[in-house]
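Architecture at a glance
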Amino acid sequence: MKRITRVALITSGGDCQGLNAAIRGVGKALLNRIDDIEIFGMQDGYRGLIDRDYKFMESRDFSGIITHGGTILGTSRQNYIPGKDIVDDNGESLIPAMMDTYNRLNLDCLVIMGGNGTQKSAKLLMDAGMNVVTLPKTIDNDIWGTDVTFGFQSAVDIATNVIDYIHSTASSHGRTFLVELMGRDAGWLTLYAGVGSGADVILLPEIPYDIDKIVEYLEERRESGRKFSILAVSEGARSKNDGVFDEEAARKKKESSKYPTISYELADIIEKKTGQETRVTIPGHYQRGGPPCPYDRVLATHFGAAAADLIVKKDYGKMVAMQNGNIVPIPLAEAAEKTKFLPTDHPLIQVGRDIGISFGD
Ligand code: F6P
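So, here is what we can say about the structure in this document. These numbers were taken from a predicted model, which means no experiment stands behind them.

1. Some words on the pattern of salt bridges
If you walk through the whole model with that rule in mind, you get 22 salt bridges. The closest approach of N and O atoms between Arg221 and Asp200, which form a salt bridge, is 3.1 Å. Here Asp200 lies in the loop between α6 (188-197) and β9 (201-203) and Arg221 lies in helix α7 (residues 211-223), a separation of 21 residues in the sequence. Three or more residues are tied together by salt bridges with common partners; here these are Asp44, Arg47, Asp51 and Asp53.

Okay, here's the thing in structure tokens:
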């Protein structure tokens with residue numbers, strides 16, 4: 001008797017645009033390419049695998065979703081102990097429960113769509129003996145080994161649009177505006193949206209700022225007749241005085257700050273030092289919502305079909321990536337090893353400098 005191939009789909013971590021397009025891409029390609037196939041959708045990320053909460057997915061589940069934001073499967077975040085374990089609130093490992101579901105369903109492979117943290121935890125599942133294929137999704141674009149992640153371009157479009165809109169009101173009132181963008185500790189989203197919207201100052205986690213340089217730049221702009229200024233500020237932006245980046249120290253600093261976010265701190269200092277009326281806008285999760293842009297639909301579909309191809313070939317333990325314009329599988333172990341921060345010699349940073357953008361350094 002011919003053996004049925006059983007695959008489970010999981011979307012994990014923060015959502016982003018393009019997840020449904022990717023689910024659709026994997027699902028349709030698997031159904032078209034493998035005769036005896038059963039596809040399961042795990043509910044709410046790894047939680048579904050832990051609690052054996054899943055649904056059987058049929059052809060119609062994959063139709064009509066390419067334009068939809070979010071994920072039809074739901075998602076969640078889990079406690080991850082770097083390189084070691086995925087645990088519950090009491091510190092107990094959740095990997096045995098996941099292994100149990102994997103074995104009971106007699107799965108051949110998990111297709112895990114996730115960001116940086118999810119790639120790292122997927123590697124733990126692989127090390128525990130499960131077959132996994134992963135797809136890189138996140139608005140942060142910080143996954144090692146791929147030039148781009150799906151979700152990123154849609155978020156760039158939204159963030160650019162937010163700054164475009166702020167331009168007109170900033171100009172009418174002659175104000176200084178800080179628009180704080182997501183991206184965690186990587187500046188990709190802020191750099192692209194900042195350049196794309198004509199921001200005057202771009203503050204990135206990778207280039208620690210000097211507040212005096214920012215103030216000097218803003219005052220010069222005003223003196224030269226430009227009455228308003230826009231700063232695109234990464235949520236992870238840090239000052240030169242914060243010293244070498246350390247995630248734990250950054251978290252502690254945030255917790256002890258009297259300001260809700262970095263932009264409010266900067267706005268307060270800028271207003272006091274320049275006397276310019278200063279405002280903060282934070283689009284927040286709006287950047288992750290709504291339909292994927294066409295680029296992300298195409299990318300997610302391509303990534304999804306490539307994941308199905310790996311399953312057809314039984315080539316597991318891989319993350320689908322884009323490298324130099326080509327869609328390629330790379331070892332998950334490689335992708336999970338590091339975070340792809342923005343290189344400070346990235347050509348777009350130099351372009352920004354060439355056209356007079358200040359990076360606050
Ligand atoms: O990783 C994606 C991301 O949107 C980051 O840019 C942001 O810092 C974080 O998730 C927000 O997390 P949450 O959705 O849990 O508030």
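2. What about the packing of aromatic side chains?
Scanning the entire structure with this criterion turns up 4 aromatic pairs. Each ring, one from Phe40 and one from Phe56, has its centre 5.9 Å from the other, and the planes form 70°; the classification is edge-to-face. In this pair, Phe40 is assigned in strand β2 (residues 37-42) and Phe56 in strand β3 (residues 54-57), connecting sequence segments 16 residues apart. By relative accessible area, Phe40 is classed as buried at 7%. On the accessibility criterion, Phe56 (42% relative accessible area) is partly exposed. Between Phe150 and Phe303, the aromatic rings sit 6.3 Å apart at their centres with planes inclined by 55°, giving tilted as the arrangement. Placement of the pair is Phe150 in the loop between β7 (132-136) and α5 (152-173) and Phe303 in helix α10 (residues 294-312), with a sequence separation of 153 residues. Of the two residues, Phe150 and Phe303, neither departs from the other in class, the shared state being buried. Here the aromatic residues Phe40, Tyr54 and Phe56 are joined through ring pairs into a cluster of three or more.

3. Here we look at the sheet that holds β9
Spatially, the 4 strands line up as an open sheet ordered β9-β10-β8-β11, and their pairing is parallel. The open sheet has two free edges, formed respectively by β9 and β11 (278-281), since each of these has just one partner strand. Between one strand and the next, the sheet's axes are offset by a mean angle of 20°, whatever the strand orientation. Both strand β8 (residues 176-181) and β11 contribute to a ladder of 4 bridges, which runs parallel. Paired with Val179 across the two strands is Thr281, which belongs to β11. Of the strands in this sheet, β8, β10 (229-234) and β11 touch α5, which is tilted by about 165° from β8.

4. Re the site of the ligand
Around the ligand, the neighbouring residues are Arg77, Ile139, Asp140, Met182, Gly183, Arg184, Glu235, His285 and Arg288. Within the contact set of the ligand, an oxygen atom lies 2.6 Å away from a side-chain nitrogen or oxygen of Asp140. Contact with the protein chains covers 74% of the free accessible surface of the ligand, which is 400 Å². Residue composition of the shell around the ligand, grouped by class: 2 nonpolar, 2 polar and 5 charged. Looking at the shell around the ligand, you find at least three residues from each of domain 1 (5-150 + 292-337) and domain 2 (152-288).

About the thresholds
- Residues numbered from 1 in each chain as written.
- Predicted model: local features only at pLDDT ≥ 70, side-chain atom pairs only at ≥ 80, totals over all residues.
- Heavy atoms only, no water.
- Salt bridge = Lys/Arg side-chain N within 4 Å of Asp/Glu carboxyl O.
- Helix = DSSP H or I, 4+ residues; strand = E, 2+ residues; numbered from the N terminus.
- Phe/Tyr/Trp six-rings, centres within 6.5 Å; stacked < 30°, edge-to-face > 60°.
- Buried < 20%, exposed > 50% of the residue type's maximum accessible area, 1.4 Å probe, protein only.
- Pairing = 2+ DSSP bridges.
- Axes fitted to C-alpha atoms, helices over the stretch in contact; angles between N-to-C directions.
- Contact = heavy atoms within 4.5 Å.
- Near = heavy atom within 4 Å.
- Polar contact = N/O pair within 3.5 Å; in protein donor to acceptor, adjacent residues only side chain to side chain.
- Areas by Shrake-Rupley, 256 points an atom, 1.4 Å probe, with all protein chains shown as cover.
- Nonpolar A, V, L, I, M, F, W, Y, C, P; charged D, E, K, R; others polar.
- Domains from an automatic or database assignment.

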